[in-house]
4 protein chains.
Amino acid sequence: MTSPQFKELHRAYGFDEVAIVPGDLTINPDQTNIDFKVDNLTFSIPVIAAAMDAVTDTGFAIKMSKLGGLAVLNLEGIQTRYDNPEEILAEIAQAPGGEVTSLLQKVYSQPIKESLISQRIQEIKGGGAVCAVSVTPANTKRFAPVASEAQADILVVQSTVTTARHISKSYRGLIFSELCQSMSMPVIVGNCVNYSACLELMRTGICGVLVGVGPGAACTTREVLGVGVPQITATMDCAAARDTYFNESGRYVPIITDGGFRRGGEVCKAVAAGADAVMLGSIFAQAKEAPGRGYHWGMSHPHPALPRGTRIEVGTTGSLEQILFGPTSVTDGSQNLVGALRTAMGVCGASTIKEMHQAKIVIAPAITTEGKFWQLSKL
Amino acid sequence: MTSPQFKELHRAYGFDEVAIVPGDLTINPDQTNIDFKVDNLTFSIPVIAAAMDAVTDTGFAIKMSKLGGLAVLNLEGIQTRYDNPEEILAEIAQAPGGEVTSLLQKVYSQPIKESLISQRIQEIKGGGAVCAVSVTPANTKRFAPVASEAQADILVVQSTVTTARHISKSYRGLIFSELCQSMSMPVIVGNCVNYSACLELMRTGICGVLVGVGPGAACTTREVLGVGVPQITATMDCAAARDTYFNESGRYVPIITDGGFRRGGEVCKAVAAGADAVMLGSIFAQAKEAPGRGYHWGMSHPHPALPRGTRIEVGTTGSLEQILFGPTSVTDGSQNLVGALRTAMGVCGASTIKEMHQAKIVIAPAITTEGKFWQLSKL
Amino acid sequence: MTSPQFKELHRAYGFDEVAIVPGDLTINPDQTNIDFKVDNLTFSIPVIAAAMDAVTDTGFAIKMSKLGGLAVLNLEGIQTRYDNPEEILAEIAQAPGGEVTSLLQKVYSQPIKESLISQRIQEIKGGGAVCAVSVTPANTKRFAPVASEAQADILVVQSTVTTARHISKSYRGLIFSELCQSMSMPVIVGNCVNYSACLELMRTGICGVLVGVGPGAACTTREVLGVGVPQITATMDCAAARDTYFNESGRYVPIITDGGFRRGGEVCKAVAAGADAVMLGSIFAQAKEAPGRGYHWGMSHPHPALPRGTRIEVGTTGSLEQILFGPTSVTDGSQNLVGALRTAMGVCGASTIKEMHQAKIVIAPAITTEGKFWQLSKL
Amino acid sequence: MTSPQFKELHRAYGFDEVAIVPGDLTINPDQTNIDFKVDNLTFSIPVIAAAMDAVTDTGFAIKMSKLGGLAVLNLEGIQTRYDNPEEILAEIAQAPGGEVTSLLQKVYSQPIKESLISQRIQEIKGGGAVCAVSVTPANTKRFAPVASEAQADILVVQSTVTTARHISKSYRGLIFSELCQSMSMPVIVGNCVNYSACLELMRTGICGVLVGVGPGAACTTREVLGVGVPQITATMDCAAARDTYFNESGRYVPIITDGGFRRGGEVCKAVAAGADAVMLGSIFAQAKEAPGRGYHWGMSHPHPALPRGTRIEVGTTGSLEQILFGPTSVTDGSQNLVGALRTAMGVCGASTIKEMHQAKIVIAPAITTEGKFWQLSKL
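No experiment lies behind these values; they were computed from the predicted model shown. (Residues numbered from 1 in each chain as written. Chains lettered and ligands numbered in written order. Predicted model: local features only at pLDDT ≥ 70, side-chain atom pairs only at ≥ 80, totals over all residues.)

### Description of the overall build of chain A
To keep it simple, the criterion reads: To qualify as a helix, a DSSP run of H or I must reach at least 4 residues; to qualify as a strand, a run of E must reach at least 2; elements of each kind are numbered from the N terminus. Note on method: radius of gyration uses C-alpha positions; expected globular size equals 2.2 Å times residues raised to 0.38. Residue burial is a threshold on neighbouring C-beta atoms within 10 Å of the residue's own C-beta, all placed from the backbone, with 20 or more meaning buried, 12 or fewer meaning exposed, and counts in between meaning partly exposed. Contacts are defined on C-beta atoms placed from the backbone: any two residues whose C-beta positions lie within 7 Å are in contact.
For chain A, the helix and strand inventory stands at 15 helices and 17 strands. Over its C-alpha atoms chain A spans a radius of gyration of 20 Å, differing by no more than 12% from the 21 Å that the globule rule assigns to 379 residues. Expressed as lengths along the three principal axes of its C-alpha atoms, the size of chain A is roughly 55 × 55 × 45 Å. Across the 379 residues of chain A, 63% fall into the buried class. Restricting to contacts in chain A with at least 6 residues of sequence separation, those with at least 24 account for 67%.

This is the structure:
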């Protein structure tokens, strides 16, 4: 007897399972244009620092803006709970491994101060930077007006999974179309990993979508909840939604692949898979300027009842400028990310990010790649 | 010359090879209903403790029932062979690794006492709990009436593989339709991994099917016999049988995925694959209340001629209540299983177990998942 | 531009990538019949010891025959080059790892003595055993008549790859149809891994085919030559050839899967994939009776110019009888192989080897199988 | 809602994922012909030493030519930057791991001397060898005439990815059709991994294509840029281009698989996948005659801003002659590469390289291959 199919299973792919195929034409890296646009704002590099407390503080945001990118400040993290966040950050970095989750649960149980929200935004704006801030959907109605009044430039509404429709007893679901109309600044929403959910979000009028559930280095969502889609497939599905939406509306809403990056190669793959920009966490946590002091942890980590994360020791490897632009003597791809992207675009003959979306990708699992004999034998 | 095909091979998937895709709609976890029904009995959580001696004794069964779930007492294990099982359990926990299989073979060669069957059932019932007990098919005719008389609430007939038709010289095959008619309590049968065998079992009138051959942490059936089907595919095939049977009979027979669980993520995946409930062994062996004292072993392990199992040291990580409901500072997904299930249902927009059966699943091998750089590099 | 396909690639599967699916019917293991026939000879177990010097000597062959199976003596190995093979075997077992290949190259450069061929055969026959002997194709014309005269019962003609057609300058290709007509004993030929080559071999009139190139534990053919087909696919393709040949000729020529076995589970899988019997090397090298003294090496290992093999330390784990029939306290599947096969046939409802050929197999990679958390984490 | 497909993903395969299937006919290895032709030059073995500084210097090139193969001297490496390259090579071999990339960046920043180009070519020619030299596309116009005047026999134009069309501000793109017409010696171009790019290159009139991007042991292009195609698929695609081009032009342009080889098995697989010859780096860096002194590094490694490579310690394992022809006591396939190729051709019944292109290949991942139990368990 043949078994009827209970449900269909499609294969999803992650960074380590694909490779970019060189083009029939090549182009010099210095002739590539990698501009990234959100609404009316243009950035000279398509790289965003994540709204994580080990990555972005006000100083980091200013530096990132000067280098042509963007950093997002978490309005529900340490920066807005503590007048002196440095003390807390030092304490987290020094905590023994076994105690860090309890400590984070305690640290993040302190109340958020609206006055600190305004203060942090003003510090960033005062440094001459574009200021992006993030809130969770549940707190958007409370904090978004504060951010708006403090003249933030971009509002990011972010949770593990955010959809256009949410059912809740405790608060009236956030209506993104209303939010977009009430805010003068562009709204980016995430995270999201599939075509239909992404398309629904875009139709609310938002200006960008964050793509990725569960891939981050500091995130254990996939282990704890079983939920997640590997980044290449997630990016390709959301890129398809972007193109569908562009065809129906004429409005181009960029997608930003968020999480799971360790090296320049993955930035290149995300763009080849359709990303307009990438959001990096753990790579930037390795910067000298990062507030994490060589450590990194996820924003679901401090959850009081179901923590999903690990604090990982990423080390401090170089300056933010080196990580982005080199020069470097590091050969593992963790520095000169922008150089890597331009070089990959060069061998694919892509002069813009949109042309790079046309690059061919093959499925080629890293684990079976030839030539890595010596490296593998050391495992 | 083209080779004619000797037999067709289909791909089967296990927990580590799939991930759940978030929905287009989300729902607050506290608005999910995760009730599980067997015949006329309703449990507030779809979680069952396995009929294994390292997991369920009378005290554990009472606690599990109070917390809303169910535990199954093995009527052919240590509890019914020894008046004082604590001594034996302590001996097993203290045995050196090299001697444990011989010890188990000896321990399980002691005769089962019918008086102890009655006594253990009465202890559980006396604690105010729903009492489920398990027997093997070969011993069902002998022990089921004893259990029935002692007023057990659920009878589980379980062996590595149980089918509706068994050929034997030594005993007349057990006829499940006769068994169901002769028993006043509901009968659950297992284990089973494929559509047609599951459908045949359901047609005998039983009230539940255990799904899974060979996946358990303490089981080496797959190495020894080469037999087994990974749990996602096994669950999907048996879920299809359940739906076929419901369509032909109007009777909904729940399927219970049994074995191979290590973390909340797998509980969520089993339910998304079609399970109505899950049966856990090694996770519960880690509870403070578990009789295994930090150890776990399989029920095929003591086989005198062909032992299939290993005693594994699982450790003791928390109370049963913490494992089920948290709160926890453990971030690997081994605690707050119910919270994990409700949260996963929330991001899939599923308000009931049956709605969660509709969640989309993708094939996404854990081993190639991005972002786990630091963890993998430690392997 | 779409790339035209240079050649088509099909997927081949090995033991670790598949699992047997239980049947809709089960049967008691003691009611299974596992007879194996070669021409007019019947063996009560479908298990053959390989023609390797670490496995089969005269004593081992006699013991194996008494237990119902068959062992093949290598007529071009140590037993027929040395009057006192024990000395040489001890020397090999004691050689340091770095020197063993050179030693083997030297040991196997000694000439083969025809008188020893006769003597060894007579020793085996004198022990009341069925006597099977192996020669390479290049030496068949020289040694087969000697073996025939000494009244061997089965002739095995074996090299890494043997086909019905061989082109050579140095000797006129062996014509198997002529060989079969000139010999009174049945001829088994190998090795072979694909449908068309197997079918051609069967059409020459031989009585059995050995299946497997490159899978053995002591063999590095796949690394050195890049040649090999994993055993499940090789077995299925040759089983298809056997069935085609049976349909065209009415003659049933058994196929014997040779190499790559480590545990009972693989014996069960080979039979489910279509094997009529299995030939084991490294598992039997672990027997107390094995001449290898806890070591094992391949017969391509001593090649003077291109050695393909490794001497591996397999240890001595039990008696041949225990390995075949148990009882055992070993739970990894390396003992009681016959019990494992009968049990697997039982859960598949197969009462004969031919019925077991009908068992369903699924693709289920061991590396991703759930539940092996603790084991894997120890890697 | 079904997601429209953003782009199609095809599976690509590497050496470790395939195996060669034996033929229906076998042939003695000594009856195989493995000649390789480039334009009017014929080599008796299809093996080329890479244009890498750890592999080819003038002495190595002379030896390689005497043995029937070809070695390519890098005209932009240490040999043409330093009068006394031995000193520099010793310094690299002695540098601590942490300092080697900086050292290489410094070493390769010294200017190339045209006089040394002429001198090295004359040294090779003076040794009676065929002289092949390599340049990058950017420097071809400058160095090719120098090489031509010094009477080099073959010009290799090589960069990570080379296409028939390159867009650059800093230099007018190299036009290969003009180059081929202006040079009296044959031109080989690389690297290339796909059908259409390879076909375009062949149409310019070149005499050979190097196949492979990112697979080499000393190369981290795939990690840094995300770019690369595994070698079996790359070879098959370029072989298809070669056949298309032959059909349209009547000119047979050989393809040379370059990079990722560790053992003879891979040489055999590359040829079975369609390669006319192979180019080896790290295997030859292990030769006693290799200038690398037991070390190997990639030619993208010294890049000043984005180094892509690692220096690996390959050790010194034997003479070049042993590596190519044996005899050997090494059983891992790293020696007697030519013997391995002839033996593999023998079991496939292929008497020429072109017949070996017809051999059947199956997908058979090494990691799941049976029989490697002991080896794997040592990982």
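### Re the relation of the copies chain B and chain C
To keep things clear, this is the line we draw: Copies are brought into register by a least-squares superposition over C-alpha atoms of residues with pLDDT of at least 70 in both.
Overlaying chain B on chain C yields an RMSD of 0.0 Å, the required transformation being a rotation through 90° with an accompanying axial translation of 0.0 Å. What the superposition gives is, in effect, a four-fold axis relating one chain to the other. Mapped onto chain C, only 3% of the interface residues of chain B are again interface residues, and the two copies thus contact each other with different surfaces.

### Points about the relation of the copies chain A and chain B
Once chain A has been moved 0.1 Å along the axis and rotated by 90°, it coincides with chain B to within an RMSD of 0.0 Å. Residue by residue, only 6% of the interface of chain A is reproduced at the interface of chain B, so the copies engage with different surfaces.

### Quick look at the nonpolar core
We count it as follows: Defined on buried residues, the nonpolar core groups Ala, Val, Leu, Ile, Met, Phe, Trp, Tyr and Cys residues joined through C-beta atoms within 7 Å.
The biggest cluster of nonpolar side chains holds 538 residues, and the ones touching the most others in it are Val 209 of chain A, Val 209 of chain B, Val 209 of chain C together with Val 209 of chain D. Residues contacting Val 209 of chain C, with those up to four places away along its chain left out, are Val 189, Gly 190, Cys 192, Cys 198, Leu 201, Met 202, Cys 238, Val 253, Ile 255 and Ile 256 of chain C.

### Brief notes about unusual backbone geometry
Glycine aside, the phi torsion of most residues is negative, and most peptide linkages are trans. Of the consecutive residues Gly 190 of chain A and Asn 191 of chain A, the connecting peptide bond is found in the cis state with omega at 0°. Among the structural elements, Asn 191 of chain A can be located in strand 11 (residues 187-192). For the peptide bond that leads from Gly 326 of chain B to Pro 327 of chain B, omega is -5°, which places it in the cis range. Turning to its location among the elements, Pro 327 of chain B is positioned in the loop between helix 12 (320-325) and helix 13 (337-347). Positive phi values are uncommon outside glycine, yet Asp 39 of chain A reaches one of about 55°. Looking at where Asp 39 of chain A falls in the secondary structure, it is placed in the loop between strand 4 (36-38) and strand 5 (41-43). For Asp 39 of chain A, a count of 17 C-beta atoms within 10 Å puts it in the partly exposed group.

### With respect to the sheet that holds strand 13 (residues 255-258) of chain C
All names here are of chain C. Short version of the rule: Any two strands with at least two DSSP-identified bridges between them are counted as paired. What counts as an axis is a line fitted to C-alpha atoms, over the stretch in contact for a helix, and the angles between N-to-C directions run from 0 to 180 degrees.
Read around the closed barrel, the eight strands follow the order 6-7-8-9-11-12-13-14; overall the barrel is parallel. Going from strand to strand, the sheet's axes swing by 25° on average, the running direction of each strand aside. Where strand 11 (residues 187-192) and strand 12 (residues 208-211) come together, three bridges link them in parallel fashion. Bridged to Ile 188 within strand 12 is Gly 208.

### A short note on the interface of chain A and chain B
Contacts between the two partners involve 63 residues from chain A and, on the opposite side, 53 residues from chain B. Contributions of two or more residues to the side of chain A that touches chain B are made by strand 1 (10-11), helix 3 (100-107), strand 10 (165-167), helix 7 (195-203) and helix 8 (221-225) of chain A. If one sorts the elements of the side of chain A that touches chain B by residue count, helix 8 of chain A sits on top with four residues.

### Focus: helix 7 (residues 195-202) of chain B
Residue and element names in this part refer to chain B. Helix 7 sits mainly inside the fold: six of its eight residues count as buried. The set of residues buried in helix 7 consists of Tyr 195, Ala 197, Cys 198, Leu 199, Leu 201 and Met 202. Contacts made by the buried residues of helix 7 are with helix 6 (176-182), strand 11 (187-192), strand 12 (208-211) and helix 9 (231-249).

### Notes on the interface of chain B and chain C
In plain terms, the rule: All residues other than Ala, Val, Leu, Ile, Met, Phe, Trp, Tyr, Cys, Pro, Asp, Glu, Lys and Arg, Gly among them, are scored as polar; the first ten of these are nonpolar and the last four charged.
Contact residues are listed per partner, giving 61 residues for chain B and 52 residues for chain C. Broken down by secondary-structure element, the contributors of at least two residues to the side of chain B that touches chain C are strand 1 (10-11), helix 3 (100-107), strand 10 (165-167), helix 7 and helix 8 (221-225) of chain B. At four residues, the largest contribution of residues to the side of chain B that touches chain C is made by helix 8 of chain B. Its residues assigned to classes, the side of chain B that touches chain C comprises 26 nonpolar, 24 polar and eleven charged. As paired strands, strand 10 of chain B and strand 3 (residues 25-27) of chain C are joined by three bridges and run parallel to one another. Looking at strand 3 of chain C, one finds that His 166 of chain B is bridged to Thr 26 of chain C.

### A closer look at the arrangement of the chains
Separated without contact, chain A and chain C have their nearest C-alpha atoms at a distance of 10 Å. Chain B shows no contact with chain D. Their nearest C-alpha atoms sit 10 Å apart.

### Some remarks on the packing of helix 1 (residues 58-66) of chain D against helix 4 (residues 114-126) of chain D
Residue and element names in this part refer to chain D. To keep it simple, the criterion reads: Our angle categories are set so that under 35 degrees counts as roughly parallel, over 145 as roughly antiparallel, 65 to 115 as roughly perpendicular, and the remainder as oblique. Helix crossings get a hand from a simple test, with the near helix turned counterclockwise from the far one by less than a right angle marking a left-handed crossing and a clockwise turn marking a right-handed one.
Running from N to C, helix 1 and helix 4 point in directions that differ by 30°, and their axes come no closer than 9 Å. Taken as axis vectors, helix 1 and helix 4 run roughly parallel relative to one another. Crossing geometry of helix 1 relative to helix 4 is assigned as right-handed. Between helix 1 and helix 4, the contacting residues are Thr 58, Ala 61 and Ile 62 on the first element and Arg 120, Glu 123 and Ile 124 on the second.

### Things to note about the sheet that holds strand 9 (residues 154-158) of chain D
Residue and element names in this part refer to chain D. Taken together, eight strands build a closed barrel; the order of strands is 6-7-8-9-11-12-13-14 and the barrel is parallel. When strand polarity is set aside, the average angle formed by the axes of neighbouring strands in this sheet is 25°. With three bridges joining them, strand 7 (residues 70-74) and strand 8 (residues 132-135) adopt parallel strand pairing. Its bridge partner lying in strand 8, Leu 73 is registered against Val 133. Taken strand by strand, helix 1 contacts strand 6 (47-49) and strand 7, and its axis lies near 160° from that of strand 7.

### Points about the confidence of the model for chain A
Note: predicted coordinates in regions of low pLDDT should not be interpreted at a detailed level. Selection criterion: The quantity known as pLDDT measures the predictor's confidence residue by residue, on a range of 0 to 100.
Of all residues in chain A, 94% have pLDDT values of 70 or greater, and the mean over the chain is 92. Scored below 50 in pLDDT, residues 368-379 of chain A shows 27 contacts in the model against residues more than four places distant or in partner chains.

### Observations regarding the pairing of strand 7 (residues 70-74) of chain C
The side chains of a regular strand alternate, residue by residue, between the two faces of the sheet. Residue and element names in this part refer to chain C. To keep it simple, the criterion reads: Seen with its strands pointing away from the viewer, a crossover is right-handed when the path leading from the first strand over the helix to the second is clockwise.
Most of strand 7 sits inside the fold, with five of its five residues counted as buried. Residues Leu 70, Val 72 and Asn 74 line one face of strand 7 and the alternating positions Ala 71 and Leu 73 line the opposite face, and both faces are buried. This β-α-β element, strand 6 (residues 47-49) to helix 1 (residues 58-66) to strand 7, shows right-handed connectivity.

### Structural notes on the environment of Ala 273 of chain C
Tracing the sequence through the fold places Ala 273 of chain C in the loop between helix 10 (264-272) and strand 14 (277-280). Separated by 225 residues in sequence, Ala 273 of chain C and Ile 48 of chain C have C-alpha atoms that sit 17 Å apart.

### Digging into helix 13 of chain B
All names here are of chain B. Most of helix 13 is tucked away: eleven of the eleven residues are buried. Turning to helix 13, its buried residues number three or more, namely Leu 337, Val 338, Gly 339, Ala 340, Leu 341, Arg 342, Thr 343, Ala 344, Met 345, Gly 346 and Val 347. Gly 349 lies just past helix 13 and shows a positive phi near 65°.

### With respect to the environment of Leu 75 of chain A
Residues and elements named next belong to chain A. Mapped onto the elements, Leu 75 comes out in the loop between strand 7 (70-74) and helix 2 (85-94). Leu 75 sits 138 residues away from Val 213 along the chain, and the two C-alpha atoms are 20 Å apart. Those residues in contact with Leu 75 that lie beyond four places of it in its chain are Thr 80, Ile 117, Val 133, Ser 134, Val 135, Phe 143 and Ala 147.

### Some details on the environment of Pro 85 of chain B
Residues and elements named next belong to chain B. Residue position: Pro 85 is located in helix 2 (residues 85-94). Spatially, the C-alpha atom of Pro 85 lies 9.3 Å from that of Pro 291, the residues being 206 residues apart in sequence. Leaving out residues up to four positions away in the same chain, Pro 85 has contacts with Asp 57, Ile 78 and Gln 79.

### Comments concerning the pairing of strand 12 of chain C
Residue and element names in this part refer to chain C. Residues Gly 208 and Leu 210 of strand 12 are buried on one face, and the alternating residues Val 209 and Val 211, pointing to the opposite face, are buried as well. Once you follow strand 11 into helix 7 (residues 195-202) and on to strand 12, the crossover reads as right-handed. Where strand 12 and strand 13 come together, three bridges link them in parallel fashion. By the bridge assignment, Val 211 is partnered in strand 13 with Thr 257.

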